Amino acid sequence: MGDYKAIASFLKENTKYEPKIGIICGSGLSELSKTMTDTQTFPYSSIPSFPKSTVAGHKGELVFGLLSGVQAVCLRGRFHSYEGYPQDLCALPVRVMRCLGVKMVIITNAAGGLDPNNNVGDIICVDDHFALPNMAGKNCLVGPNDSELGPRFPPMSNAYDPELSKLVVKASENLGFQDFVRKQGTYCFVSGPMYESPSEALFLRSVGGTAVGMSTVPEVVAAHHSGMQVLCLSLITNKVMMKGDKGPHASHEEVLEAVNARTVQIQALVKEVVKISRKYMEGKPELPTIKLPEGGKYSGGLLGHAVKAVGVGALVAAAAVGVAKIRKR
Ligand SMILES: O=P(O)(O)O[C@@H]1C[C@H](O)[C@@H](CO)O1
């Protein structure tokens with residue numbers, strides 16, 4: 001399940017922030033953290049046991065700060081199962097957030113559009129998912145259940161918070177974004193890294209899919225399992241080709257270009273949603289505290305790990321013996 005408690009413990013001891021909101025940035029969406037103020041940034045490489053982001057458009061940084069006056073944590077880059085990560089590792093950042101006290105997660109992604117009525121640049125507020133990998137046993141809840149996080153058999157019929165979806169509609173009205181913020185839709189999760197074949201795409205559309213992507217669902221499942229409110233926004237970056245369609249073939253460059261074109265608006269939307277969701281979220285009770293192991297204040301790198309492992313006293317003693325030996329020569 002990954003050492004999410006140890007990671008949360010490390011972060012807790014090295015930040016003053018007690019975030020209530022968590023944001024996960026999809027491909028090319030790392031700039032969502034630009035809306036935060038008073039930030040403190042941890043490159044993933046500085047967090048012991050944290051995985052690496054290997055995909056273009058995923059910066060690999062965890063940022064604490066204030067978003068619309070609310071303490072928040074933002075993951076600039078996520079982990080996908082096609083990178084070779086098991087599903088529970090894809091869910092690890094969400095579990096870290098849960099341990100830090102986050103009550104609401106905003107999960108974003110770049111996705112292919114399956115609904116011909118939607119255009120590139122549209123933002124879908126996801127209200128359900130269709131996840132073939134999950135149904136086939138490839139999901140982040142397989143294995144021993146951690147009952148401190150949630151129940152063995154969680155429902156998924158209420159995974160996406162309908163109140164938060166309503167606030168997205170309100171936020172888009174406030175900002176005049178109604179033309180491209182669409183109401184609701186189903187996100188289809190595929191393993192990737194290849195894009196869908198035309199027949200696969202037709203199949204996903206025929207089961208009611210609105211968008212298709214290679215992420216998000218492990219995070220949603222883990223967040224809902226552990227009691228967090230979930231809001232999920234998919235940015236349509238390309239129209240998916242169905243059997244018989246003619247058009248450009250999907251590419252990650254096209255995906256990142258489409259995200260860049262909407263960066264400013266999606267930042268404003270997330271900021272506005274957080275602003276107007278404050279009252280709603282304040283009404284939600286705090287989630288039970290998850291007991292964390294002692295972490296230790298160390299700054300990463302080899303010296304930091306050594307200090308943690310043997311303690312400062314032992315390290316000073318070892319250094320003194322070393323100096324004495326050198327002097328003797
Ligand atoms: O991390 P997300 O789901 O936003 O990224 C999508 C899915 C693949 O990682 C990539 C394909 O272009 O974009």
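The rules behind each value
Residues numbered from 1 in each chain as written. Predicted model: local features only at pLDDT ≥ 70, side-chain atom pairs only at ≥ 80, totals over all residues. Heavy atoms only, no water. Domains from an automatic or database assignment. Helix = DSSP H or I, 4+ residues; strand = E, 2+ residues; numbered from the N terminus. Core = buried A, V, L, I, M, F, W, Y, C linked by side-chain atoms within 4.5 Å. Buried < 20%, exposed > 50% of the residue type's maximum accessible area, 1.4 Å probe, protein only. Near = heavy atom within 4 Å. Polar contact = N/O pair within 3.5 Å; in protein donor to acceptor, adjacent residues only side chain to side chain. Areas by Shrake-Rupley, 256 points an atom, 1.4 Å probe, with all protein chains shown as cover. Nonpolar A, V, L, I, M, F, W, Y, C, P; charged D, E, K, R; others polar.

Asks: Which parts of the structure should I look at to understand the domain arrangement of the chain?
Replies: Bring the parts together and some accessible area is lost; that lost area is often taken as the interface size. Examined at the domain level, the chain breaks down into domain 1 (4–292) and domain 2 (299–329). The centre of domain 1, based on its C-alpha atoms, is set 43 Å off from the matching centre of domain 2.

Asks: Just to check I follow, could you spell out the environment of K5 for this structure?
Replies: Secondary-structure assignment places K5 in helix 1 (residues 4–13). C-alpha of K5 to C-alpha of G150: the two residues are 145 residues apart in sequence and 15 Å apart in space.

Asks: How should I be thinking about the nonpolar core in this particular structure?
Replies: Soluble globular proteins: nonpolar side chains tend toward being buried together. Counting residues in hydrophobic clusters, the biggest one holds 52 residues, and the most contacted among them are L11 and L62. Of all the elements, helix 3 (residues 92–100) adds the most residues to this core, at 6 residues. Grouped together as the second largest cluster of nonpolar side chains are 34 residues, V70, V168, V255 and V273 included.

Asks: Help me understand the site of the ligand, please; the structure alone is not making it clear to me.
Replies: In the region of the ligand, 13 residues are neighbours, and S27, H80, Y82, Y195 and S215 sit closest. Contacts to the ligand include Y82, whose side-chain N or O atom sits 2.6 Å from an oxygen atom. Within the side chain of S215, a nitrogen or oxygen atom sits 2.5 Å from an oxygen atom of the ligand. For the ligand, the accessible surface in isolation is 340 Å², of which the surrounding protein chains cover 96%. Counting residues per element, the ones that place at least two in the shell around the ligand are strand 5 (104–113) and helix 8 (252–276). Split by residue class, the shell around the ligand holds 5 nonpolar, 7 polar and 1 charged.

Asks: In this structure, what is going on with unusual backbone geometry? I would like to understand it.
Replies: Keep in mind that most residues, glycine aside, have a negative phi and that most peptide bonds are trans. Across the junction of G192 and P193, the peptide omega takes the value 0°, indicating a cis bond. Phi at T216 is positive, roughly 75°, even though this residue is not glycine. Following the sequence through the fold, T216 ends up in the loop between strand 8 (211–213) and helix 7 (217–225). With a relative accessible area of 1%, T216 lands in the buried category.

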